[in-house]
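The primary structure of each chain is shown beneath.
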Amino acid sequence: ARLSLRAGNSAEALAQCQAIVKGHPGGESDGYRHVALLLSQDRETAEPALALMKTLVAEKPQLPGAQRALALLAFRFDDAALTEKAAREALRLAPNERESTLLLVGALVKKGDVAGADAAFENLVREQKSPAELRLGYSKLLIDANQRIPAREQLLKVLKLDPGNADAHFALALLLLDERKPDEAEPHLKLLLDNAERRHDAAYYLGRIAEMRRQPEVALGWYERVQAGSQAFDAYLRRARMLSQLRRMPEARQLLSGLRAQFPPLASRLYAAEGELLSQQDAVLEALSVYDNALKEIPDDAELLYARALLHERMGRMELSEADLRRVLAKDANDARAPNALGYLLTVHSNRYEEAAKLIGRAAELSPNDPAVLDSLGWVLFKQGKPREALPPLLRAYEIFQDAEVAAHLGEVLWTLGEKDRARAIWDSASKLDPEHRVLRETIQRLAPTR
């Protein structure tokens, strides 16, 4: 069925799916579910898969399992309207069925109708024996939809029902960290240090909290406790960074060298990390040597070329920086970082704004919601004398990522448009988080030196 769909042979795919439904040992409802799970594996065939499933369901429109399977497939392919329609039809045919209700709840969350989702969910919870498990699942749907406040409410209800629920403590801690509330997140993480499944993740995020507090020695201790899990590799990199901040650079370099020997496929990333740490310590010539030697070992590696380009820019070698970025572009035209970085380089260090705008426009096509790309897009528009056009992408960039440089750019655009109080408020907020940021400080001193 999948091969036929990929080949564009919808008739053959339908025949195979009909056979699955008819011959499924669990019955037709399980057969429809099997087809939905099967077709959902290929996102590139989403449109023909949904069309096929609609045809299949039309053969048994009064079967609740058929409508439920259509809702499931539509949900997997992010079609909220079709998910809601099919889930409601499934519930009309079989009221209060758990999976159909959850699919309806998911569709309503994706639509932004949290009140409707809450009402449907609470009706379901009253009929179930494991409300904590259900509420945890619902909170994840809300988190995925960026509905933070209702997600937090559900997680708190889970903890009221099950105070020791590790997943709820962890999810709540991550929500609080994302909202820059480390003091509130910390107790939830410390509760997980004795949990076999979560202790490494907890130590990692406690290290992140220590970094937020500018406590490198404390952060290093937490990162050293991360020996497994999805964050283990990043914990090693952060250990190296903390060692560097503590002026223990030889230890940091030794750690990275050991990781290169242990993980050869990740060598380029580790060389880039070493160069970055040296650069942060103002050892720019040593950093350049690391990149040069690494590129002899791994020629034309995009990660290393990109890192060296940024270092060349810092050293004032704009032509060399541009050359490295163009090598990245030549190797992979779909790498959004390179056209964005090159466009930004031209925006800041030249008056080639038209060329810069084309490069940044290409990056925006490849990665439309990347805050770095949105920031570049706004800044090149501003440099072209279009402050009103520059404002929306900069506002969106700052909404996604409260970075000091984005704040500097957004504030300058607002200042130019006469919204000086609003600009000051953004600069003040960014200065509290990153008071030493060079671009932010320069912008404030240039435009509002008496603040």
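Here is what the cut-offs are and how they apply
Residues numbered from 1 in each chain as written. Predicted model: local features only at pLDDT ≥ 70, side-chain atom pairs only at ≥ 80, totals over all residues. Heavy atoms only, no water. Helix = DSSP H or I, 4+ residues; strand = E, 2+ residues; numbered from the N terminus. Buried < 20%, exposed > 50% of the residue type's maximum accessible area, 1.4 Å probe, protein only. Contact = heavy atoms within 4.5 Å. Core = buried A, V, L, I, M, F, W, Y, C linked by side-chain atoms within 4.5 Å. Phe/Tyr/Trp six-rings, centres within 6.5 Å; stacked < 30°, edge-to-face > 60°. pLDDT = per-residue confidence, 0-100. Salt bridge = Lys/Arg side-chain N within 4 Å of Asp/Glu carboxyl O. Axes fitted to C-alpha atoms, helices over the stretch in contact; angles between N-to-C directions. Parallel < 35°, antiparallel > 145°, perpendicular 65-115°, else oblique. Nonpolar A, V, L, I, M, F, W, Y, C, P; charged D, E, K, R; others polar. Expected span 1.5 Å × (residues − 1). 1 Å grid on protein atoms, 1.4 Å probe; cavity = no way out; pocket = protein on both sides within 12 Å on 5 of 7 lines; lining within 4 Å. Points joined across faces, edges and corners; volume = space filled by probe spheres on them. Left-handed = near helix turned anticlockwise from the far one by under 90°. Polar contact = N/O pair within 3.5 Å; in protein donor to acceptor, adjacent residues only side chain to side chain.

One can find N165 in the loop between α10 (148–161) and α11 (166–178). By relative accessible area, which is 13% here, N165 ends up buried. With residues up to four places along the chain from it excluded, the contact list for N165 reads L136, V158 and L159.

Judged by nonpolar contacts, the single largest core of 120 residues is most densely connected at M53 and L189. In terms of residues, this core owes the most to one element, α11, which gives nine residues. Apart from residues no more than four positions distant in its own chain, M53 is found in contact with Y32, V35, A36, A69, L70 and L73. Among the nonpolar cores identified, the runner-up in size contains 27 residues, and Y344, L374, V413 and L417 belong to it.

Enumeration over the complete set of coordinates arrives at seven aromatic pairs. Ring centres of F233 and F263 lie 5.9 Å apart, and the angle between their planes is 85°; this geometry places the pair in the edge-to-face category. With F233 in helix α15 (residues 232–245) and F263 in the loop between α16 (249–262) and α17 (267–280), this pair connects stretches of sequence that are 30 residues apart. Given a relative accessible area of 29%, F263 falls into the partly exposed group. An aromatic cluster is present here, built from F170, Y204, Y205 and Y223 joined pairwise through their rings.

The subject of this paragraph is the side chain of D324. Considering the arrangement of structural elements, one finds D324 in helix α20 (residues 318–331). Not counting chain neighbours up to four residues away, the residues in contact with D324 comprise L305, R308, A309 and H312.

We now examine the confidence of the model for the chain. Parts of the prediction with low pLDDT should not have their coordinates interpreted in detail. Averaged over every residue, the pLDDT of the chain is 91; the share at 70 or more is 98%. Of all secondary-structure elements in the chain, the lowest mean pLDDT belongs to helix α9 (residues 131–144), at 80, while helix α14 (residues 216–224) reaches the highest, 97.

Glancing now at the pattern of salt bridges. Considering all chains together, one arrives at 45 salt bridges under this definition. Measuring nitrogen to oxygen at the nearest pair gives 3.4 Å for the salt bridge that ties D201 to R198. Here D201 matches R198 in class, with each residue buried. A salt bridge links R446 to E412, with the nearest nitrogen and oxygen atoms 2.8 Å apart. In this pair, R446 sits in helix α27 (residues 438–447) while E412 sits in helix α25 (residues 404–416), placing the two residues 34 residues apart along the sequence.

Let us now look at the packing of α25 against helix α26 (residues 420–433). Orientation of α25 relative to α26, taken along the N-to-C sense of each, is 170°, at an axis distance of 8 Å. Taken together, the axes of α25 and α26 are roughly antiparallel relative to one another. Only K420, R422, A423, R424, I426, W427 and A430 of α26 make contact with α25, whose side of the interface consists of A404, A407, A408, L410, G411, E412, L414 and W415. Grouping the constituent residues of the contact of α25 with α26 by class yields 10 nonpolar, one polar and four charged.

Now for helix α24 (residues 387–400). Over its 14 residues, α24 runs 20 Å from end to end, which matches the ideal 20 Å to within 8%, given 1.5 Å per residue. Buried residues along α24 sit in contact with α23 (371–383), α25 and α26.

Before going further, it helps to spend a moment on the layout of surface pockets. Its boundaries defined by the atoms lining it, the second largest pocket holds a volume of some 190 Å³. Around the second largest pocket, the lining residues are R33, L72, F75, R76, E99, L102, L103, G106 and L141. Contributions of two or more residues to the lining of the second largest pocket are made by α5 (64–76) and α7 (98–111). If one sorts the elements of the lining of the second largest pocket by residue count, α7 sits on top with four residues.

Our next topic: the packing of helix α2 (residues 10–23) against helix α3 (residues 28–39). At a closest axis distance of 7 Å, the pairing of α2 and α3 adopts a crossing angle of 140°. In this view, α2 runs oblique relative to α3, as classed from their interaxial angle. Both α2 and α3 take part in a crossing whose hand is right-handed. The segment α2 lies against α3, with C17, I20 and V21 engaging E28, G31, Y32, H34, V35, L38 and L39.

We now examine the environment of H349. Turning to its location among the elements, H349 is positioned in helix α21 (residues 337–349). Exposure remark for H349: the relative accessible area of 38% places this residue in the partly exposed category. Every residue in contact with H349, bar those within four places of it in the chain, is listed here: E313 and M318. Here E313 takes part through its side chain, which lies 2.9 Å from a polar atom of the side chain of H349.

Another aspect to go through is unusual backbone geometry. Excluding glycine, a negative phi dihedral is what most residues carry, and trans is how most peptide bonds are arranged. Backbone geometry places R214, a non-glycine residue, at a positive phi of 60°. With respect to the helices, strands and loops of the structure, R214 is situated in the loop between α13 (199–212) and α14. Taking the relative accessible area as the measure of exposure, R214 reaches 60% and is therefore exposed.

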